[in-house]
Amino acid sequence: MQEKHLFEYAVIRVMPRVEREEFLNAGVILYCKKHRFLQAMITLNEDRLRAFAPETDISEVKTYLEAFDCIAKGGKQAGPIGQLDLASRFRWLTATRSTVVQAGKVHPGLCEDPEKALVRLHEQLVL
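To start, this report covers the structure provided alongside it. Here the structure is a predicted model, which is why all the values come from computation and not from measurement.

### Re the pattern of salt bridges
Opposite charge on two side chains permits them to pair, given that their charged atoms come into close proximity.
Part 1: Within this structure, the stated rule accounts for seven salt bridges.
Part 2: For R91, the salt bridge identified is with E8, shortest N-O distance 2.8 Å. Pair noted here: R91 is in helix α4 (residues 86–94) and E8 is in strand β1 (residues 5–14), with a separation of 83 residues, a long-range link.
Part 3: A salt bridge links K73 to D69; the shortest N-O distance between them is 3.1 Å. Separated by four residues within a single helix, K73 and D69 lie in helix α2 (residues 58–73), roughly one turn from each other.
Part 4: Here D69 falls in the buried class, since its relative accessible area comes to 19%.

### Here we look at the packing of aromatic side chains
Part 1: One pass over the structure, following the stated rule, counts two aromatic pairs.
Part 2: Aromatic side chains F7 and Y9 sit 6.1 Å apart centroid to centroid with 40° between the ring planes, which places their arrangement in the tilted category. Considered together, F7 and Y9 belong to a single accessibility category, that of buried residues.
Part 3: With centroids separated by 5.6 Å and ring planes inclined at 25°, the aromatic side chains of Y31 and F90 adopt a geometry described as stacked.

### A look at the nonpolar core
Part 1: Counting residues in hydrophobic clusters, the biggest one holds 22 residues, and the most contacted among them are V14, I29, L44 and L65.
Part 2: Of all the elements in the fold, those that place two or more residues in this core are β1, β2 (24–32), β3 (37–42), α2, α4 and β4 (101–103).
Part 3: Take this core: its biggest share by element is six residues, from α2.
Part 4: Filtering out sequence-adjacent residues up to four positions away, I29 remains in contact with E8, Y9, A10, I12, L38, Q39, A40, F68, A72, F90, L93 and T94.
Part 5: Counting residues in each nonpolar core, the second largest holds eleven residues, with Y9, L30, A117 and L121 among its members.

Here is what the cut-offs are and how they apply
- Residues numbered from 1 in each chain as written.
- Predicted model: local features only at pLDDT ≥ 70, side-chain atom pairs only at ≥ 80, totals over all residues.
- Heavy atoms only, no water.
- Salt bridge = Lys/Arg side-chain N within 4 Å of Asp/Glu carboxyl O.
- Helix = DSSP H or I, 4+ residues; strand = E, 2+ residues; numbered from the N terminus.
- Buried < 20%, exposed > 50% of the residue type's maximum accessible area, 1.4 Å probe, protein only.
- Phe/Tyr/Trp six-rings, centres within 6.5 Å; stacked < 30°, edge-to-face > 60°.
- Core = buried A, V, L, I, M, F, W, Y, C linked by side-chain atoms within 4.5 Å.
- Contact = heavy atoms within 4.5 Å.

Given below as structure tokens:
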């Protein structure tokens, strides 16, 4: 049995009308310091979003989700935030904000393999 390591995760939400505080889960972001792991897994259910908020510009939401994923991956293509260290990018992405795409509360967990934990959480919370 492998050693388990602390990780943190948050659900990525699409909130078309921020003032109503209604949202649709669209992904999960997971950070594990020990494994130097930061990754988002995003799946936008467009049919569900259309039923939930028909006035939403889906292409705009996709652009925001792609930017979220790009920053999680890091690098120069992700701009100044994408060049920060993993922990700083995770904190920036999960900071409270009033935008169409936002992260829910950060939760802790323990895992042997952060990628497997991300897939499991994505299946449980998004799909």
